[in-house]
Amino acid sequence: MKTDMSKIIISEEDFLKFREYFYRKTGINFETTKRYFVDKRLIERIEATDSGDFRSYFIMMRFQASGAELQLLTNLMTVNETYFLREDYQFDCLVNSILPELVKRKTDNRPIRIWCIPSSSGEEPYTIAMYLMERWSGIHQWDVEILSSDIDTGILNKARIGRYSARSVMHVPAPWLVKYFTRVGDEYQICQDLREAVEFTRVNLAEPTDTRGYRNFDIIFCRNLLIYFDDLSRKTAAEVFFDALIPGGFVCLGHAESMSRISSLYKVRKFPQAIVYQKSLESR
Amino acid sequence: MAFIKKQAQPSTEQTQSTPETRDCQSLLKQLSSSDSTERRWAARDLVECPECANALMQRLKIETENSVREVILTTLTRMGDPVAIAGMVDCLRSEDAALRNEVVEAMKQLPLEVAPMMLGLLADPDPDVRIFAVNVLESLCHPEVESWLISVITDDAHVNVCATAVDLLGEVGSSNAIQTLEQLKARFSEEPYIQFAADLALRRINEN
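Quick caveat: nothing in here was measured; it's all calculated off a predicted structure. (Residues numbered from 1 in each chain as written. Chains lettered and ligands numbered in written order. Predicted model: local features only at pLDDT ≥ 70, side-chain atom pairs only at ≥ 80, totals over all residues. Heavy atoms only, no water.)

## Let's talk about the overall build of chain A
Let me state the cut-off plainly: Going along the chain from the N terminus, every DSSP run of H or I of four or more residues is numbered as a helix, and every run of E of two or more is numbered as a strand. Throughout this description, buried means an accessible area under 20% of the type-specific maximum (1.4 Å probe, protein chains only), exposed means over 50%, and partly exposed covers the range between. Residue contacts follow a heavy-atom distance rule, with two residues in contact if any of their heavy atoms lie within 4.5 Å. The convention is simple: Lys and Arg are positive, Asp and Glu are negative, and His and the chain ends are not counted. Charge coordinates come from a single atom per side chain, which is NZ of Lys, CZ of Arg, CG of Asp or CD of Glu.
Helices and strands together make up the secondary structure of chain A, namely 11 helices and 10 strands. Projected onto the principal axes, the alpha-carbon positions of chain A cover approximately 60 × 50 × 30 Å. When burial is assessed residue by residue, chain A has 56% of its 284 residues classed as buried. Considering only intrachain contacts with a sequence separation of at least 6, the fraction spanning at least 24 residues in chain A is 76%. The positive charge centre, built from 39 side chains, and the negative charge centre, built from 39, are 3 Å apart in chain A.

Okay, structure coming up:
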């Protein structure tokens, strides 16, 4: 029997209780202005699980051994809107400035490792793969690993499938669209080669056991995620990236984000195409 | 294509993190390691060991590697317990300016935990500590900030403490502060900076 949604009320106290719990588990902090967004999704899950009211739902979610409901709710609460070649000046910076500098000082044959977080539905890691193929001659000399992570398991599945709307691919140059996509009805399917070029994993940046194994990256793209975090969670994320990078590795943030306001661990690097942040070569 | 997928997984090497070596006692030992990476990882993982807040505090006072200090402070901020707060307060008396600034920034993240200690800090015999306490108020999201600042400019005898407080009142003050600002001007009538800063604060408050 379905619960009558119109009768489910999320009180101010419920909202604050949920917000505090969700923040502790994910590092994502909802301002009061997001109340409608949060309430709507909570009510949706209360209804779907036939919990009846917030209290029953919250207890079920909080004490569920599998954590499945929290994961489901996390998937609903995270914003996943993006598109191919978004803020492409940073990809120009990647192929024209960052990678040339990295390979110039490389003394081993270790693959170049790139970590994208959040992955969202895969547009960013696939864009990087296309950029490397089309605009970086070094791809013929160097092996590259691209790892793409997100807290939302649903969106990771979507990324692995690689099927996109016309809106999502609207900035993809026509020759790339022909080369890397197949039109399927109103949608675009990314090619198998690119799907195989990116590994997708589930990661919660606020969870030390999740991030401990992420090491030896040359470049991290973390764009438009930290704006959803509070100061302390941003700082924690910056420290996770610091340990994930090799000495001299780079972090690229979104255009509205600045590492200088978050942490003193990084050097600011002003390249002609973009400002990025670097772990110093002397760091360990 | 030169893309590699098989190896594109979280690295399993050198995480020094097998479960048996990540218990609190082992982490405490690693916190004193000669390897800064090991100390940094220990400081991060000690967030699960609230009883180790004091050990983290002691390490913070002698730690020279900036990245380890930063992680220790993040861990202490996440703990936010009375031991961590007391340790931070203690660091406000340090001769190490960088450490004091880092601690001020950390305390700003803990409004509810720091609030009970604020009156004591603002009455500290050391004027430098009182100035740092006002610095903490700069970004402390707490409803008492304005009334604390008003009490500082009412009672504090030290001109530099009052100057710091009046600067901040110009940003966060309301009409509640007007009378006290006028009294401050009278109390420090020979101090040009106080006259200037109080006038500026009054103008800003009146504009709002």
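## Topic: the pairing of strand E6 (residues 198–202) of chain A
Residue and element names in this part refer to chain A. Applied cut-off: Two strands pair under a simple rule: DSSP has to find at least two bridges between them.
The buried fraction of E6 is high, at four of five residues. Of the strand pairs in this sheet, strand E2 (residues 144–150) and E6 are connected by five bridges, and their pairing is parallel. What sits directly across from aspartate 150, in E6, is arginine 202.

## Quick notes on the state of the cysteines
Where we set the bar: When the sulfur atoms of two cysteines come within 2.5 Å, that pair is taken as a disulfide.
Throughout the structure, instances matching the rule amount to one disulfide over all chains. Disulfide pairing places cysteine 24 of chain B opposite cysteine 49 of chain B at an S-S distance of 2.1 Å. Around the S-S axis, the bridge from cysteine 24 of chain B to cysteine 49 of chain B shows a dihedral of about -90° and counts as left-handed. A residue pair is termed long-range when its members are at least 10 positions apart, and cysteine 24 of chain B in helix H1 (residues 24–30) and cysteine 49 of chain B in the loop between helix H2 (36–45) and helix H3 (53–62) qualify at 25 residues. Considered together, cysteine 24 of chain B and cysteine 49 of chain B belong to a single accessibility category, that of buried residues. Take cysteine 116 of chain A: it sits in no disulfide, and the sulfur closest to it among the cysteines is that of cysteine 252 of chain A, at 9.4 Å. Take cysteine 116 of chain A: its relative accessible area is 0%, and that puts it in the buried class. Not part of a disulfide, cysteine 252 of chain A finds its nearest cysteine sulfur in cysteine 93 of chain A, a span of 6.3 Å.

## Section: the domain arrangement of chain A
Residues and elements named next belong to chain A. Using the following cut-off: The split of the chain into domains comes from an automatic or database domain assignment. Buried area counts how much accessible surface, traced with a 1.4 Å probe, disappears from two parts once they are put together, with both parts' losses summed.
Under the domain assignment used here, chain A contains domain 1 (5–77) and domain 2 (89–278). The straight-line distance from the C-alpha centre of domain 1 to that of domain 2 is 30 Å. In this complex, domain 1 contributes nine residues to the contact, which on the side of domain 2 involves 12 residues. When the two sides are added together, the surface that domain 1 and domain 2 hide from each other amounts to roughly 880 Å², 44% of it contributed by carbon and sulfur.

## Some remarks on the nonpolar core
Applicable threshold: Throughout, nonpolar core names a set of buried Ala, Val, Leu, Ile, Met, Phe, Trp, Tyr and Cys residues whose side chains join them through atoms within 4.5 Å.
Ranked by size, the top nonpolar core spans 66 residues in total, and within it Leu76, Met107, Met118, Leu137 and Leu181 of chain B carry the most contacts. For this core, the two domains that each supply at least three residues are domain 1 (20–109) and domain 2 (116–208) of chain B. Those residues in contact with leucine 181 of chain B, other than ones at most four positions away along the chain, are Ile153, Val166, Leu169, Ala198, Ala201, Leu202 and Ile205 of chain B. Listed in part, the 48 residues of the second largest apolar core include Cys93, Ile128, Val169 and Phe200 of chain A.

## Regarding the interface of chain A and chain B
Selection rule: We define a salt bridge as a contact between a side-chain nitrogen of Lys or Arg and a carboxyl oxygen of Asp or Glu at a distance within 4 Å. Throughout this description, a polar contact denotes any pair of N or O atoms lying within 3.5 Å of each other; where both atoms belong to protein, one of them has to be capable of donating a hydrogen while the other can accept it, and for residues adjacent in sequence the pair is counted only when both atoms sit in side chains.
Opposite the 40 residues of chain A that make contact, chain B presents 31 residues. Here chain A meets chain B over a buried area of about 3,200 Å², counting both sides, of which 53% is carbon and sulfur. Joining chain A to chain B, the criterion identifies three salt bridges. One salt bridge in this structure joins aspartate 45 of chain B and arginine 212 of chain A, with 2.8 Å as the shortest N-O distance. At the junction of chain A and chain B, the tally comes to 10 residue pairs in polar contact (both at pLDDT 80 or more). Elements represented by at least two residues in the side of chain A that touches chain B include exactly helix H6 (123–135), E2, helix H9 (192–197), E6 and helix H11 (231–244) of chain A. Of the residues forming the side of chain A that touches chain B, the biggest block, eight residues, is contributed by H11 of chain A.

## Comments concerning the pairing of strand E10 (residues 275–278) of chain A
All names here are of chain A. By the bridge criterion, two bridges tie strand E8 (residues 245–253) to E10 in an arrangement that is antiparallel. Pairing of phenylalanine 250 across the sheet is with glutamine 278, part of E10. Where strand E9 (residues 267–270) lies against E10, four bridges are found, and the strand directions are antiparallel. Along E10, the bridge assignment pairs valine 268 with tyrosine 277. Between the end of E9 and the start of E10, which pair antiparallel, lie four residues.

## Digging into the packing of aromatic side chains
All names here are of chain A. Rules: Between 30 and 60 degrees the pair is tilted, below 30 it is stacked and above 60 it is edge-to-face, where a pair is any two Phe, Tyr or Trp rings, Trp via its six-membered ring, whose centres lie within 6.5 Å.
Summed over all chains, the structure comprises 19 aromatic pairs over all chains. Here phenylalanine 54 and phenylalanine 58 contribute two aromatic rings whose centre-to-centre distance is 5.4 Å and whose plane-to-plane angle is 20°, an arrangement assigned as stacked. Taken together, the residues span about one helical turn, with phenylalanine 54 and phenylalanine 58 both in helix H3 (residues 54–63) at a distance of four residues. When its relative accessible area of 4% is taken as the criterion, phenylalanine 58 is described as buried.

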